[in-house]
Amino acid sequence: MEELIQPKKKLRLIDKIVLAVLLLVFLFAFYVTLDANKYRALVRVVAGEGKVGVNPTDQALDFGDLSRGTSAVRRVAIENGLPLSLYVFAVRTGSIRTLVKLDKNYFRIPPRSSDKIEFSVYMPASAEIDRVYDGRVYLFKIPMP
Amino acid sequence: MSRAARFILNLFVYLAIIGGLIFGLPRFLTWALETPYPMAAITSGSMWPVLNEGDLVFIQGGRKLEELKVGDIIVWRGTEDRGFTIHRVARINGSQIITKGDANFNEDQPIEFDQVVGRALTFRDRPVHIPHLGSITVLASNWKK
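Residues numbered from 1 in each chain as written. Chains lettered and ligands numbered in written order. Predicted model: local features only at pLDDT ≥ 70, side-chain atom pairs only at ≥ 80, totals over all residues. Heavy atoms only, no water.

Undergrad: Give a detailed account of the interface of chain B and chain A, specifying residues and quantitative values.
TA: Taken together, the contact pairs nine residues of chain B with 13 residues of chain A. The largest per-residue losses of area from chain B upon contact with chain A belong to Trp48, Ala103 and Phe105 of chain B, which jointly make up 68% of the total buried on that side. Counting across the interface, chain B meets chain A through zero salt bridges. Where chain B meets chain A, there are three residue pairs in polar contact (both at pLDDT 80 or more). (Contact = heavy atoms within 4.5 Å. Buried area = accessible area lost by both parts, 1.4 Å probe. Salt bridge = Lys/Arg side-chain N within 4 Å of Asp/Glu carboxyl O. Polar contact = N/O pair within 3.5 Å; in protein donor to acceptor, adjacent residues only side chain to side chain.)

Pasting the structure below:
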């Protein structure tokens, strides 16, 4: 039985450059993903009017218990200790995604300074009583020159 | 056929397909759905959770007042060029229609039937919508403000 053995193709310079750029892009995206602040976000709908139950925690974006027509606000501080600006944006997922509003998104934090993002949830009339709306909020911080 | 001629022919075919979709689809939808406004973007959360901000909904025109019923999602035009509103029919009083956003606590002001542009196209009693595709319109309207 005969086997065809093909000689190994050497990478051209342009291939090496493209591979290096792709690797750098991948490593950068990996770093940004790892460095992102990740929070579990949740809110429970309770019956009644004007009821707001607060669950104080700094581990999650817990908006507590809210009845229809009420709202809750949570703030997250972002520190930039780098000598570069940080481009910040938040991504929301899960059933709470459409309920959480941000006071700002897609913004820059100057070098060696801090800023705050305000997350608010308003419970609309169509929210299901006793349902827990949850999900995750990711705060991505991209160093910019 | 030379490579250049084949490239130009392929490009021409692709452009024809894209052009056909961009210009032909709205015309086709206008004809098929019997309305000059076959699509609308959701610009607020008033119909949450059925329709979210940024969704694109399809509008069906050519309806008669007798065919409208409580629970239908309709599109109506404001009297003083207030733009379009997409809300659910809450009550019908003779020729007057009263709508309400699912997420709202209060009903809208009564409207006349001639203000109704159409009804949201439904499939199995749920409005046909494409999530996020209406975001471009939402961004443009926010930009104007």
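Anyway, onward from the coordinates.
Undergrad: I'd like a description of the environment of asparagine 104 of chain B, backed by residues and values.
TA: Assignment of secondary structure puts asparagine 104 of chain B in the loop between strand S5 (96–100) and strand S6 (111–112). Classification of asparagine 104 of chain B by relative accessible area gives partly exposed; the value is 24%. Sequence separation between asparagine 104 of chain B and serine 46 of chain B is 58 residues, and the spatial gap between their C-alpha atoms is 5.9 Å. With sequence-adjacent residues up to four places away left out, asparagine 104 of chain B is seen in contact with Ala125 of chain A together with Ser46 and His87 of chain B. (Helix = DSSP H or I, 4+ residues; strand = E, 2+ residues; numbered from the N terminus. Buried < 20%, exposed > 50% of the residue type's maximum accessible area, 1.4 Å probe, protein only.)

Undergrad: I'd like a rundown of a nonpolar patch on the surface, residues and numbers included.
TA: Where nonpolar side chains cluster on the molecular surface, the patch consists of Leu9, Phe12, Val13, Tyr14, Ile17, Ile18, Leu21, Ile22 and Phe23 of chain B and spans about 980 Å² of accessible area. By relative accessible area, phenylalanine 12 of chain B is classed as exposed at 59%. (Patch = residues over 30% accessible without salt bridge, like charges linked within 9 Å, V, L, I, M, F, W, Y side chains within 5 Å. Areas by Shrake-Rupley, 256 points an atom, 1.4 Å probe, with all protein chains shown as cover.)

Undergrad: Go over the environment of alanine 77 of chain A, please, and point to the residues and values.
TA: Residues and elements named next belong to chain A. Looking at the element boundaries, alanine 77 is found in strand S4 (residues 71–80). C-alpha separation for the pair alanine 77 and lysine 116, spaced 39 residues apart in sequence, amounts to 4.4 Å. Excluding residues that lie within four positions of it along the chain, alanine 77 makes contacts with Asp115 and Lys116.

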